[in-house]
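Working through the structure, step by step
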Amino acid sequence: MGKCFSSCGDSPSSTDQNGKNAPTGLPQKPPMTTPQATSQTTVPPPLPEKPLPGTYSTSRPSMEHSFTNGAHSKLQKVQTTRNGMDGNVKLSKSEFSESKVNKLFDKYKDSSEDSILAEGMENFCDDLMVHPEEFIVLVLAWKFQATTMCRFTRTEFVQGCKSIKADSIKAIQSRFPELRQEVEIETKFKDLYRFTFNFGLDSEGGQRTLPCDIAIPLWRLVFENNQPPLLERWCDFLIAEQTRGISRDTWQMFLNFTEVIGDDLDNYDDNEAWPSLFDDFVDYEREKLKQQEEVDQKLGAGDHLESEPTLV
């Protein structure tokens, strides 16, 4: 705009282009004729075409508005991640509800005691859409620090859910990928392996060795995702020899055995401090190998005789 609204060019009260009183006697620019303008109307100084220094254009948002919008956008992004809208249900400590976990526990607990027993455990696994024999259930029991198979006390359940920050079935399910990744770490897997022996014991009955009919399925379960080449041969040996129980020392040392002893057992030294059951296993495997070689030699000799021409 930049033009004044005066209706009289030589009036002493006329204003110049910048809105100041023009000196009398100087030639004036012809005023712009404005319809219905009256001398009684007070017209405010017009806005300049460009913002003056230190001011902001009315067509642009203020710095305060821009900052507020930016901060709000960042806050929304943080809240979106925390609330799990990226695909995972992630609860902070303040969002975790212990009362919800207790209600969830009450849904599965046995009527005779304040624990989840076999039937409740089966229902719990059904809601999680897993089988009780699955590896992830063992990992979950490890995170809950359960002392006995097919049993969660209230303390174990509540503290376990708190440790994984999950207070609902959906939230527990969403933790499964993280839990599987966690036990891929060597130190974590070794802790899970040690836990599994205690988990299989009947601690209330004072059991100190793990029966073979419990130990073998637990070995296969804990090694489900990383099975050692010797595992099935070891289990076959235990069954063939009708081994009654597995001691804690044997259980713990078997993990070391699978890590340092080759599949052919050639580097096994019975003078080292291995449990005696490992000596028996190596002798058993070597005897089997010897017998197999003898059978192969006989078969080879028979094939050789059949291939020789007969004299008539």
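As the structure is a prediction and not an experimental result, all values here were calculated from the model.

**Quick word on the confidence of the model for the protein chain**
Per-residue confidence for the protein chain gives a mean pLDDT of 78, with 66% of residues at or over 70. Scored below 50 in pLDDT, residues 1-39 makes 32 contacts in the model with residues more than four places away or belonging to other chains. Scored below 50 in pLDDT, residues 50-88 shows 14 contacts in the model against residues more than four places distant or in partner chains.

**Some details on the nonpolar core**
F124, F157, I172, L192, W219, W234 and F257 are the most contacted members of the largest nonpolar core, which totals 69 residues. If one sorts the elements of this core by residue count, helix α4 (residues 135-144) sits on top with nine residues. Non-local contacts of I172, meaning those with residues more than four positions away in its chain, are made with L104, F124, L128, L140, C161, I164 and A166.

**Notes on the side chain of T243**
Tracing the backbone shows T243 in the loop between α9 (231-240) and β4 (245-246). Its relative accessible area of 17% is what places T243 among the buried residues. Residues contacting T243, with those up to four places away along its chain left out, are C212, L238 and L277.

**A look at helix α10 (residues 248-260)**
An α-helical turn contains 3.6 residues, so a residue and the one three or four places further along point in the same direction. For α10, spanning 13 residues, the distance from its first C-alpha to its last is 19 Å, which sits close to the expected 18 Å at 1.5 Å a residue. Along its length, α10 reaches its greatest deviation from straightness, about 25 degrees, at F254.

**Remarks on the packing of aromatic side chains**
Counted under the stated rule, the structure contains 30 aromatic pairs. With 5.6 Å between their ring centres and 45 degrees between their planes, Y193 and F223 make a pair best called tilted. Of this pair, Y193 sits in helix α7 (residues 186-200) while F223 sits in the loop between α8 (212-222) and α9, placing them 30 residues apart in sequence. Pair check on accessibility: Y193 and F223 agree, each one buried. When the centroid spacing of 5.9 Å and the interplanar angle of 35 degrees are considered together, the rings of W234 and F237 count as tilted. With W234 and F237 both in helix α9 and three residues apart, this pair spans about one turn of that helix. The ring of W142 carries the charged tip of K143 above its face, separated from the ring centre by 5.3 Å.

**Some points on unusual backbone geometry**
Of note, the phi angle at Q145 is positive, near 55 degrees, even though the residue is not glycine. Using a relative accessible area of 46% as the deciding quantity, one classes Q145 as partly exposed. A positive phi angle, close to 50 degrees, is found at Q242, a residue other than glycine. Relative to the elements of secondary structure, Q242 occurs in the loop between α9 and β4.

**Considering the pattern of salt bridges**
Throughout the structure, instances matching the rule amount to 14 salt bridges. Note that K143 and E182 form a salt bridge whose closest N and O atoms lie 3.2 Å from each other. Here E182 lies in helix α6 (residues 169-182) and K143 lies in helix α4, a separation of 39 residues in the sequence. A salt bridge links E285 to R233; the nearest nitrogen and oxygen atoms lie 2.9 Å apart. Highlighted residues: E285 in helix α11 (residues 276-307) and R233 in helix α9, separated in sequence by 52 residues. Judged by relative accessible area, R233 falls into the partly exposed class, the value being 25%. The network of salt bridges with shared partners includes R233, D263, E285 and K288.

**Some points on the packing of α8 against α9**
As a packed pair, α8 and α9 sit with axes 11 Å apart at the nearest point and diverge in direction by 175 degrees. In terms of orientation, α8 lies roughly antiparallel with respect to α9. Of the residues in α9, those in contact with C212, I216, W219 and R220 of α8 are L231, E232, W234, C235, L238 and I239. Among the residues making up the contact of α8 with α9, the classes are represented as eight nonpolar, no polar and two charged.

**Quick word on α7**
Compared with the 21 Å implied by 1.5 Å per residue over 15 residues, the 22 Å span of α7 between its first and last C-alpha is a close match. Taken residue by residue, α7 has F189, L192, Y193, F195, T196, F197, F199 and G200 as its buried positions. On its buried face, α7 is in contact with α4, β3 (210-211), α8, β4 and α10.

Cut-offs used in this document
Residues numbered from 1 in each chain as written. Predicted model: local features only at pLDDT ≥ 70, side-chain atom pairs only at ≥ 80, totals over all residues. Heavy atoms only, no water. pLDDT = per-residue confidence, 0-100. Contact = heavy atoms within 4.5 Å. Core = buried A, V, L, I, M, F, W, Y, C linked by side-chain atoms within 4.5 Å. Buried < 20%, exposed > 50% of the residue type's maximum accessible area, 1.4 Å probe, protein only. Helix = DSSP H or I, 4+ residues; strand = E, 2+ residues; numbered from the N terminus. Expected span 1.5 Å × (residues − 1). Bend = angle between axes of the 7 residues up to and from the residue. Phe/Tyr/Trp six-rings, centres within 6.5 Å; stacked < 30°, edge-to-face > 60°. Lys NZ or Arg CZ within 6 Å of the ring centre and 35° of its normal. Salt bridge = Lys/Arg side-chain N within 4 Å of Asp/Glu carboxyl O. Axes fitted to C-alpha atoms, helices over the stretch in contact; angles between N-to-C directions. Parallel < 35°, antiparallel > 145°, perpendicular 65-115°, else oblique. Nonpolar A, V, L, I, M, F, W, Y, C, P; charged D, E, K, R; others polar.

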